[in-house]
Amino acid sequence: MEKPSRAVVLLAKRSLPVVLFFSLLYVFLKRSMPASPALPLVQRPPPVRSKSPAPPHHSPPPFNKELDNQIEYEFIPFLRLYKSGRVERFYGTTVVPPGDDPYTGVVSKDVVIDPETGLSARLYLPKEVMTETEKKGAKLPVLLYFHGGAFVIESAFSPSYHAYLNLLVSKAKIVAVSVNYRLAPEHPLPVAYDDSWVALKWVSSNCRSGPDPWLAGHGDTGHIFLAGDSAGGNIAHNLAVRAGRDGLERETRIKGLALLNPYFWGKDPVGSEPKERWIREELERSWRFVCGGSMGIEHPSVDPTAAVELWRKVACERVMVTVAGRDFFRERGVAYADGLRRSGWKGEVELYETAGEVHVYFLSNLGSEKAAKEMEAVVMFLNRDRVGFA
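Residues numbered from 1 in each chain as written. Predicted model: local features only at pLDDT ≥ 70, side-chain atom pairs only at ≥ 80, totals over all residues. Heavy atoms only, no water.

### With respect to the overall build of the protein
To be explicit about the condition: In this description a helix means any DSSP run of H or I spanning at least four residues, a strand means any run of E spanning at least two, and both kinds are numbered starting from the N terminus. Accessible areas in this description were obtained via Shrake-Rupley with a 1.4 Å probe; residue shielding takes into account the shown protein chains only.
Scanning the protein for helices and strands turns up 11 helices and 12 strands. If you sum the accessible surface of the protein, you get close to 17,300 Å²; carbon and sulfur atoms cover 55% of it.

See below:
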């Protein structure tokens, strides 16, 4: 048997830590939430294979048989891109239907935001609060949520996000809009950023005058919150920056921004981040992949510290950043909170850390004590100035 070359052996050794990192991330994201007294597994709707009501994530049909089997790029452990343009996703394509969740008392439905692009969302409402709102005439805060998945996998209809939003809405007593933005590489960034802007304007318009009855009847356009985990936190941040830069309708007001284990990176190491050049270059390559090469790793979309003048325009009154002690992106979350405080921005910044946990641990273990505590912190952040909330 022919021995591998020294270059191949060196490449394999250098690639191992990055592969291990993404493999660990894969394991934690892939896990379904374990059965527990806090969140019984039997209450979850049965998963179905990907038949999403919004199909913009479908890969283009192969146009060349030879190219259709030749690998262009592998984003391990998420997907493989072939030279024909076909995308093979390894996971994150399972979806569950909306409906009435008997455990949380939250009802959900799917809506199309933009028929031309296929942009859609899943809306959530607590049934008991719906009745109270109709009686009292008071409206509810609206949470615009963006799922994670490295910009390339998952959806607003994924089992883990459906369970998370059901529980969050039941505890916070809010309206939630979970946005099913278009994914890379078929739709490289900034498409997801543009989709988030369209979704925000759609929410604002429907809260004011419909036609969606849930938002028109129960959503308060003066109390909108933006939130997301991992890549979704990155999207939420960039949306808040754009809202501050471009402005919103007079009645629309973003009260807060919640970044849950957000994805940010940069050219130079921060804190205890790895300093090895090859590790950083690997992460730079993945960033260039999701944005189609249109933005470098020093771009303010992924590194807010690169444009402090834009950072100061974050259009909200308060920001919450959560980090996990064993998260590869922890240092960036801490640096975000510290940098925003020092930037001259006039709002309040809150940093919440969970020790000993990995990236977005709360999605794979929603019934755990640590996940419950973090959700309670998010609930309090959303309702801090809400009169009568208990």
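Text resumes after the structure shown.
### Details of the environment of Val 179
Let me state the cut-off plainly: Residue contacts are defined here by distance: any two heavy atoms, one from each residue, within 4.5 Å place the two residues in contact.
The topology assignment puts Val 179 in strand β8 (residues 175–180). Taking the C-alpha atoms as reference, Val 179 lies 9.2 Å from Ile 113; in sequence the two are 66 residues apart. When near neighbours in sequence (up to four residues on either side) are disregarded, Val 179 contacts Leu 119, Ser 120, Ala 121, Leu 144, Tyr 145, Phe 146, His 147, Ala 156 and Ala 199.

### Concerning the sheet that holds β8
Quick note on the threshold: Any two strands with at least two DSSP-identified bridges between them are counted as paired. The axes used here are C-alpha line fits, helices contributing only the stretch in contact, and every angle between their N-to-C directions lies in the interval 0 to 180 degrees.
One open sheet holds the 9 strands; their spatial order is β4-β5-β6-β8-β7-β9-β10-β11-β12, and the pairing between them is mixed. Where the open sheet ends on each side, the last strands, each with one partner, are β4 (100–101) and β12 (348–354). Note that strand β9 (residues 219–229) and strand β10 (residues 254–260) share 6 bridges and pair parallel. In the sheet register, Gly 228 faces β10, and the bridge partner there is Leu 259. On top of the sheet, helix α6 (residues 231–246) reaches β7 (140–146), β9 and β10; it is set at about 140 degrees to β9, its chief contact. Here helix α11 (residues 369–382) sits on the sheet and contacts β7, β9, β10, β11 (318–324) and β12; the angle it forms with β11, its principal contact strand, is near 170 degrees.

### Notes on the packing of helix α3 (residues 159–172) against α11
Filter applied, for reference: Oblique is the label for any angle not covered by the other classes, which are roughly parallel (under 35 degrees), roughly antiparallel (over 145) and roughly perpendicular (65 to 115). Note on convention: the crossing is left-handed when the near helix lies turned anticlockwise from the far helix by less than a right angle, right-handed when the turn is clockwise. In this count, Pro and Cys sit with the nonpolar residues alongside Ala, Val, Leu, Ile, Met, Phe, Trp and Tyr, while Asp, Glu, Lys and Arg are called charged and the others, Gly among them, polar.
Where α3 meets α11, the closest approach of the two axes is 10 Å, and the angle between their N-to-C directions is 50 degrees. The angle between the axes of α3 and α11 places the two elements in the oblique class. Between α3 and α11 lies a crossing whose hand is right-handed. Residues Tyr 164, Leu 167, Leu 168, Lys 171 and Ala 172 of α3 pack against Met 375, Val 378, Val 379 and Leu 382 of α11. The class makeup of the residues in the contact of α3 with α11 is 8 nonpolar, no polar and 1 charged.

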